[in-house]
Amino acid sequence: MTEIFGFLMSDVSRLMRRRFDERARKSGATGPQWRTLKILERHEGLNQGQIAELLEVEPITCCRMIDRLEEAGLVERRRDPADRRAWRIYLTDKARPMLAELHDIAGAMLEAALHGLDAQQRDALIASLNVVRSNMTLSHETKEAANG
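The structure presented is a predicted model; accordingly, all values stated were derived computationally and were not measured.

Visitor: How do you make sense of the environment of Thr36 when you look at a structure like this?
Guide: Position of Thr36 relative to the elements: it lies in helix H2 (residues 31-42). On the accessibility criterion, Thr36 (0% relative accessible area) is buried. Separated by 18 residues in the primary sequence, Thr36 and Leu54 place their C-alpha atoms 8.9 Å from one another. Residue contacts for Thr36: discarding those within four places in its chain leaves Ile51, Leu55, Met65 and Leu69.

Right, dumping it as structure tokens:
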């Protein structure tokens, strides 16, 4: 069960990212750019380090990505009022229509991925994945607390 579950989760995640990236490229965004914009949509005003942590990439990689998004006019850097050395990242008005288009792409892709599952099965899948995520989050936080 352990090997099958882990492999299946990884494989589904990889395939979903690949399919989304293929579709998103047509709109002019890469997968990592989409994920960055989505993080900012949920948590505007993060600094680059916080974004890098959420993306699970190195800070320099995140910095380059934000540079490209800024050049495209999709994000802007604003000085952090609490730390003049730091910058906070915000979406621009230009990013909002692109996010709406990417939401549509994601919705269509998700619908295709869940084809053949009825509403009850979809709800059960989401509920199960939320339990797994919660278990993994609690497990990680407990280990961190124990290790100080």
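Next comes the rest of the description.
Visitor: Before we go on, may I ask you to explain the layout of surface pockets in this structure?
Guide: By rolling a water-sized probe across the atoms, one finds the places where empty space is left. Considering only enclosed or pocket space, the largest pocket measures out at about 1,900 Å³ in volume. Taken together, 33 residues make up the lining of the largest pocket; nearest its centre are Ser13, Met16, Arg17, Arg35 and Arg133. Residue assignment for the lining of the largest pocket shows that the elements contributing at least two residues are helix H1 (2-25), H2, helix H3 (48-55), helix H5 (95-113) and helix H6 (119-147). The element contributing the most residues to the lining of the largest pocket is H1, with nine residues. When its residues are assigned to classes, the lining of the largest pocket shows 21 nonpolar, five polar and seven charged.

Procedures and definitions
- Residues numbered from 1 in each chain as written.
- Predicted model: local features only at pLDDT ≥ 70, side-chain atom pairs only at ≥ 80, totals over all residues.
- Heavy atoms only, no water.
- Helix = DSSP H or I, 4+ residues; strand = E, 2+ residues; numbered from the N terminus.
- Buried < 20%, exposed > 50% of the residue type's maximum accessible area, 1.4 Å probe, protein only.
- Contact = heavy atoms within 4.5 Å.
- 1 Å grid on protein atoms, 1.4 Å probe; cavity = no way out; pocket = protein on both sides within 12 Å on 5 of 7 lines; lining within 4 Å.
- Points joined across faces, edges and corners; volume = space filled by probe spheres on them.
- Nonpolar A, V, L, I, M, F, W, Y, C, P; charged D, E, K, R; others polar.

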